[in-house]
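Examining the three-dimensional arrangement
Residues per chain, in single letters:
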Amino acid sequence: MSLVVLAAAVLGLIAGAYAREVAAGFGAEPDDQGRSRRGEARGAFAAAARAVPLPRPPYVTESVTGLAAALVAWRVHHGWVLAAWLYAVAAGAALAEIDRRTWRLPDAITLPSYPILLALLAPSGRLLPAVASGCALGAVYAVLWFARPTGLGLGDVKLAGLIGLLTGALGVQATIVAGMAGQVLGALYAVGLLLARRATRTTEFPFGPFMLAGALVAMAFPGAFPGASPGG
């Protein structure tokens, strides 16, 4: 098992380098909502494909991706579920970096991730609870977006569905913990900004990285939050 964790960590470092290169190709929202978005995505992926996957200072994306991949390999033992989570670590690293810099979660990454995750989870025997959890968590975020569209974006709603798919393959409890942990981590960050006098109570910030961190909390500690129902 230690070799699997070590291999996952090394692959995570490489995936993190690629994720950093992909993220660098995405900027502010394109003026043209159609073709320029597609062109931006093609350019970003093409540039990443040509890049040498070597970590570069400050090594944050690579290090976090490597640690996340190692954690996933340590905690998830079902082969197909593990494959889905490792894919999500790489995609999530790119999404977190893009959202941090541009406040965007591009469809070019979130939408293709749905069929990829469904294909990886289909042989696991856990597809039905995964789909149910993905629909449920996506619906919750859709309601939150509808109630306060300035606080969340549609990209967050799409990301919530993906997180529900992943955590639902581990059990209902993991999905509940992921949803709660993302909100708690975001709230703690907001409080930190307030205490440091770097924000006000109406300040907005990218929420995708906290949603993704909440998914990792749910994977590592599925019973971390009291009141969460047992997983299936």
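Right, let's walk through the structure included here. Since the structure is predicted, the reported quantities are computational estimates derived from the model, not experimental observations.

Bringing the packing of helix α1 (residues 2–24) against helix α3 (residues 60–75) into the picture now. The N-to-C vectors of α1 and α3 enclose an angle of 145°; their axes lie 7 Å apart at closest approach. The crossing of α1 and α3 is right-handed. Contacts between α1 and α3 pair V4, V5, A8, A9, G12, L13, A15, G16, A17, A19 and R20 from the former with T61, E62, S63, T65, G66, A69, A70, A73 and W74 from the latter. Taken together, the residues of the contact of α1 with α3 break down into 12 nonpolar, 6 polar and 2 charged.

On to the side chain of T110. Mapped onto the elements of the fold, T110 is located in helix α5 (residues 107–121). Beyond its immediate chain neighbours, meaning those up to four positions away, T110 contacts L95, L105, K158 and L162.

So, on to the packing of helix α8 (residues 172–195) against helix α9 (residues 208–220). Packing of α8 against α9 leaves a shortest axis separation of 7 Å and a crossing angle of 135°. On the basis of their axis angle, the class for α8 and α9 is oblique. In this structure, α8 crosses over α9, and the sense of that crossing is right-handed. Where α8 abuts α9, its residues A174, V177, A178, A181, G182, L185, G186 and Y189 lie against F210, M211, A213, G214, A215, V217 and A218. Residues belonging to the contact of α8 with α9 are distributed by class as follows: 12 nonpolar, 3 polar and no charged.

Another aspect to go through is the packing of aromatic side chains. Using the criterion set out here, one finds 5 aromatic pairs in the structure. A ring pair is formed by Y189 and F205, whose centres lie 5.1 Å apart and whose planes are at 70°; its orientation type is edge-to-face. Taken as a pair, Y189 in helix α8 and F205 in the loop between α8 and α9 lie far apart in primary sequence, 16 residues in all. For F205, a relative accessible area of 18% puts it in the buried group. The interplanar angle of 75° and the centroid separation of 5.6 Å between the aromatic rings of F205 and F210 together place this pair among those described as edge-to-face. These aromatic residues form a ring-pair network of at least three members: Y189, F205, F207 and F210. Above the plane of the ring of W74 lies R75, whose end atom (NZ or CZ) is 5.5 Å from the centre.

The rules behind each value
- Residues numbered from 1 in each chain as written.
- Predicted model: local features only at pLDDT ≥ 70, side-chain atom pairs only at ≥ 80, totals over all residues.
- Heavy atoms only, no water.
- Axes fitted to C-alpha atoms, helices over the stretch in contact; angles between N-to-C directions.
- Helix = DSSP H or I, 4+ residues; strand = E, 2+ residues; numbered from the N terminus.
- Left-handed = near helix turned anticlockwise from the far one by under 90°.
- Contact = heavy atoms within 4.5 Å.
- Nonpolar A, V, L, I, M, F, W, Y, C, P; charged D, E, K, R; others polar.
- Parallel < 35°, antiparallel > 145°, perpendicular 65-115°, else oblique.
- Phe/Tyr/Trp six-rings, centres within 6.5 Å; stacked < 30°, edge-to-face > 60°.
- Buried < 20%, exposed > 50% of the residue type's maximum accessible area, 1.4 Å probe, protein only.
- Lys NZ or Arg CZ within 6 Å of the ring centre and 35° of its normal.

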